[in-house]
Amino acid sequence: MSESLADLHLHLYGAIPASLWHDLIAGRDINWHDYERAFAAAYGRHVDMAGVLGQCDRNSSQWRRHFEFGSDDAGNFDRFQAKFNLLISSSALAGLDGSASPWRAVELELDRVVDGLAHQQRRHGVDYAEYRMMFGPRHSPATVERAARRICYAMGQQSATTMRLALSLPRADPWPMWGVVQAVLASDVGSSLTAIDFCGTEEGFPPQALAGVLADVHRFNARHPDRAIATLVHVGESYRDKTLESAVRWVHQAAVGGAHRLGHALALGIDPQRHRDQTRHESPAERLDQIAYDLEHAVELRRFGVRVDIDELGRERLQRQAQSPRQSIAVHYDQDRVDQVRRRQEFAIHALRDRGTIIEVCPTSNYRIAGLTHWPQHPLPRFLAAGLRVVVGSDDPGLLGTSLRQELSLVGSEIGVTATQCDALVAQAWAARSECLAGRRGVG
Ligand SMILES: [Zn+2]
């Protein structure tokens, strides 16, 4: 691995190592109530965080156990979110409510976070790192703009490692925050902001709903090539509220909607055999979206061996339209249905390959958060065999106790990717930096 290393899938706060966060919050007066309540709900036990922090040294294994989302914690997104809440609850950003703003504390925290991460990446030999940042629903657009500008400023001060910011927009209503992004881009620190992202809970937020804002970003890029940004969407990581068919469709639709890179996209490639004999449920609205998709792509789907009966779908559509939105549709996965899902995945994988869409694979995150139980279940080899463009990222390396080098090592040792393929993944990441994908003027 002699080429330049780029980590393209990182979350700013999830990247913070346990020791750095201990340095930042020790001695602070922190209200742990919300964190302790969420932790108890997800883990079924109480934790006294003020007591833990008082007892633990910054490098102690006890502190790391509380801070990190380790293999013992693995299982689902709720447990991960509970651990992430430790950061949210104790951040100086939690004190910002738009009125009596302790801005000095926030700026100091952001400066130390960016500086600490830059030095850590340098130690790991990472030359370029893109960090996503999601602000909370209580943060006003003015607050987000001020904090984002500070992050961009701090990133611009770093010389050892190139750092870039991607602002994460709320899936429910991205437009106000898209306005914030444009204001930051127009500022003197806008060169450090190179993408928007959608992360957090997927369920309930169909990617089709993002198509409007993604199209607006592409129009913005055409008007402002010196500030063009990439579009990143987490999709197909968690899909508990829908059928496998719909989960595959969501990944495809996120790409069609204009995303440059897709985070995780596990639903696109995980072997559906693991769902054999299971029953899944979805809403009539989800099923209607699936019917519309099948009718739109009937010819191509059939080419991949998917059965599409247009008359039958037309009849079912009338029936579903008459159903109450609160009804739940049950789908059972026998062997035939499993085989059909696999064919649908093939169709969508080829569609993404033809579009040049890039998949971001984060192995440790996938294993612990998305519920893989064996490394061979990871779809990375299938993606590579199909010729998809893939990059490896570390997602939340602080919370997960990992690094880009560890993730690249895992894809070889546990997922079975060859050394040649691994080198190609490293090169792919360098080529898939947001500023390159967006075609930002002046970027080599
Ligand atoms: Zn992520």
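Our structure is the block above this text.
Residues numbered from 1 in each chain as written. Predicted model: local features only at pLDDT ≥ 70, side-chain atom pairs only at ≥ 80, totals over all residues. Heavy atoms only, no water.

Colleague: For this particular structure, what's the right way to read the overall build of the protein chain?
Modeller: Broken down by element type, the protein chain carries 21 helices and 10 strands. Here the protein chain has a C-alpha radius of gyration of 22 Å; the compact-globule value for 444 residues is 22 Å, and the two agree. In the protein chain, which comprises 444 residues, the share counted as buried stands at 55%. Across the protein chain, the fraction of contacts at a sequence separation of at least 24, relative to all contacts at a separation of at least 6, is 80%. Total accessible area on the protein chain is roughly 18100 Å²; 48% of this is exposed by carbon and sulfur atoms. For the protein chain, the distance from the average position of its 50 positive side-chain charges to the average position of its 54 negative side-chain charges is 2 Å. (Helix = DSSP H or I, 4+ residues; strand = E, 2+ residues; numbered from the N terminus. Rg over C-alpha atoms; globule rule 2.2 N^0.38 Å. Buried < 20%, exposed > 50% of the residue type's maximum accessible area, 1.4 Å probe, protein only. Contact = heavy atoms within 4.5 Å. Areas by Shrake-Rupley, 256 points an atom, 1.4 Å probe, with all protein chains shown as cover. Lys, Arg positive; Asp, Glu negative; His and termini not counted. Charge placed at Lys NZ, Arg CZ, Asp CG, Glu CD.)

Colleague: Would you mind showing me how to read the packing of helix α6 (residues 103–123) against helix α7 (residues 141–157) here?
Modeller: Each pair of packed helices can be described by the angle between their axes along with the distance between the axes. One can describe the packing of α6 onto α7 by two numbers: an axis separation of 9 Å at closest approach and a directional angle of 35 degrees. The chirality of how α6 crosses α7 is right-handed. Residues W103, R104, E107, L110, D111 and V114 of α6 touch α7, and the partners they reach there are T143, R146, A147, R150, I151, A154 and M155. (Axes fitted to C-alpha atoms, helices over the stretch in contact; angles between N-to-C directions. Left-handed = near helix turned anticlockwise from the far one by under 90°.)

Colleague: Would you mind going over the coordination of the zinc ion with me for this structure?
Modeller: Coordination angles at a metal have ideal targets, namely 109.5 degrees for four tetrahedral donors and 90 or 180 degrees for six octahedral donors. For the zinc ion, every protein donor is listed as H9 (NE2), H11 (NE2), H234 (NE2) and D395 (OD), and the spread of their distances is 2.1 to 2.3 Å. Between the 4 donor atoms coordinating the zinc ion, the angles at the centre fall across 84 to 171 degrees, so the site counts as irregular. Between consecutive donors of the zinc ion, the numbers of intervening residues give the motif H-x1-H-x222-H-x160-D. Here the residue H9 occupies a position in strand β1 (residues 6–11), and H234 occupies one in strand β5 (residues 230–235), the gap between them amounting to 225 residues. The exposure classification of H9 matches that of H234, with both residues buried. (Donors = N, O, S within 2.8 Å, 3.2 Å for Na, K, Ca; no water. Tetrahedral: all angles 85-135°; square planar, octahedral: opposite > 155°, others 65-115°.)

Colleague: I would appreciate a short explanation of unusual backbone geometry in the present structure.
Modeller: Glycine aside, residues mostly have negative phi, and peptide bonds are mostly found in the trans state. Backbone geometry at H264 places phi at a positive 80 degrees, although glycine is not the residue there. Within the fold, H264 resides in strand β6 (residues 261–264).

Colleague: Would you take a moment to explain the sheet that holds strand β10 (residues 389–392) for this structure?
Modeller: Taking strand neighbours across the sheet as the criterion, the 8 strands line up as β1-β2-β3-β4-β5-β6-β9-β10 in an open arrangement whose pairing is parallel. Both outer strands of the open sheet, β1 and β10, are each paired with one neighbouring strand and no more. On average, each strand axis in the sheet is tilted by 25 degrees relative to the strand beside it, whichever way the strands run. One ladder, built from 4 bridges, connects strand β3 (residues 162–168) with strand β4 (residues 193–198); its direction is parallel. Residue pairing across strands places S168 opposite D197, the latter belonging to β4. Along the sheet, helix α19 (residues 404–413) makes contact with β1 and β10, crossing β10 at roughly 125 degrees. (Pairing = 2+ DSSP bridges.)

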